[in-house]
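Report on the structure
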Amino acid sequence: MYIQKLSASLFSATTLLTGTTLAVLVSSTTLSLVFGHSAQAQGLPYGPDTCRQGYVWREAVPNDHVCVTPKTRSQAAKDNSQVANRIQPGGGPYGSFTCRQGYVWREAVPNDYVCVTPKTRSQAAKDNSQANHRRASSGVTIDNGTQLNPVHD
């Protein structure tokens, strides 16, 4: 459940969400918004997977919409282009996708067996853990320009 509160004396709220349960609870000084999990972002160019400014989709695999820096996205593309050079010829203890020494599976998503450096795998795990914080949100805009963004749990 997304919950966001804002203290405001005078306001007008414009909702930018559709297809969701939205409850607005108003007292004299507090506006509380409760959003259900089925919120669909309206007005965002790529829907609910739209990244915040400065981030792009990683695209380590098709439909990988984790938001990362452009540098990380470029690294993922480079790693994907090096698949054949980083796999142990003839396979090994982990099957046909065993990595050469010095490389490990990226594991950006389940079954991601692209061989990368341990540093790159750690970055992929960190990016995955930050995914909800890097997506743009539709939220609600108050008349003074304050943007209320749903808190992703």
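Attention in this report is confined to the structure presented alongside it. Being a predicted model, the structure only gives us computed values, none of them experimental. (Residues numbered from 1 in each chain as written. Predicted model: local features only at pLDDT ≥ 70, side-chain atom pairs only at ≥ 80, totals over all residues. Heavy atoms only, no water.)

All right, on to the environment of A77 then. Along the chain, A77 falls in helix α1 (residues 70-81). Overall, A77 belongs to the partly exposed group, its relative accessible area being 47%. (Helix = DSSP H or I, 4+ residues; strand = E, 2+ residues; numbered from the N terminus. Buried < 20%, exposed > 50% of the residue type's maximum accessible area, 1.4 Å probe, protein only.)

What follows deals with the packing of aromatic side chains. Under the counting rule described, the total for this entry stands at 4 aromatic pairs. Seen from their ring centres, F97 and Y113 are 5.5 Å apart, and the 15 degrees between their planes marks the pair as stacked. With a gap of 16 residues between them, F97 in the loop between α2 (83-86) and β9 (104-105) and Y113 in the loop between β9 and β10 (115-116) connect regions that are remote in the sequence. Ring plane angle 65 degrees and centroid distance 4.6 Å describe the contact between W105 and Y113, whose orientation is recorded as edge-to-face. With relative accessibility at 21%, the residue W105 sits in the partly exposed group. Look at Y113 and you get partly exposed, because its relative accessible area is 31%. (Phe/Tyr/Trp six-rings, centres within 6.5 Å; stacked < 30°, edge-to-face > 60°.)

In this structure, the largest pocket spans a volume of roughly 320 Å³. Going through the elements one at a time, α1 and α3 (118-129) are the ones with two or more residues in the lining of the largest pocket. Partitioning the lining of the largest pocket into residue classes produces 2 nonpolar, 6 polar and 7 charged. (1 Å grid on protein atoms, 1.4 Å probe; cavity = no way out; pocket = protein on both sides within 12 Å on 5 of 7 lines; lining within 4 Å. Points joined across faces, edges and corners; volume = space filled by probe spheres on them. Nonpolar A, V, L, I, M, F, W, Y, C, P; charged D, E, K, R; others polar.)

For the structure shown, the criterion picks out 2 disulfides. Residue pairing for C51: its cysteine sulfur links by disulfide to C67, the two sulfurs lying 2.1 Å apart. Taking the sign of the torsion about the S-S bond as the criterion, the disulfide between C51 and C67, at about -90 degrees, is left-handed. Remark: C67 occurs in strand β8 (residues 67-68) and C51 occurs in the loop between β6 (40-41) and β7 (56-57); sequence separation between them is 16 residues. Of the two residues, C51 and C67, neither departs from the other in class, the shared state being buried. There is a disulfide in this structure between C99 and C115, and the S-S distance comes to 2.1 Å. Between C99 and C115 the sulfur-sulfur dihedral comes to about -90 degrees; the bridge is accordingly left-handed. With C99 in the loop between α2 and β9 and C115 in strand β10, this pair connects stretches of sequence that are 16 residues apart. (Disulfide = S-S within 2.5 Å.)

What follows deals with the environment of E107. Following the sequence through the fold, E107 ends up in the loop between β9 and β10. According to the relative accessible area criterion, E107 is partly exposed, its value standing at 43%. E107 sits 18 residues away from A125 along the chain, and the two C-alpha atoms are 7.8 Å apart. Within the structure, the side chain of E107 is placed 3.4 Å from the side chain of R121, a separation counted as a polar contact. (Polar contact = N/O pair within 3.5 Å; in protein donor to acceptor, adjacent residues only side chain to side chain.)

Moving on, we come to unusual backbone geometry. Positioned with a positive phi, E59 is a non-glycine residue whose angle comes to about 55 degrees. Along the chain, E59 falls in the loop between β7 and β8. Among the residues examined, E59 registers a relative accessible area of 38% and is labelled partly exposed. Here E107, not a glycine, exhibits a phi torsion of approximately 55 degrees, which is positive.

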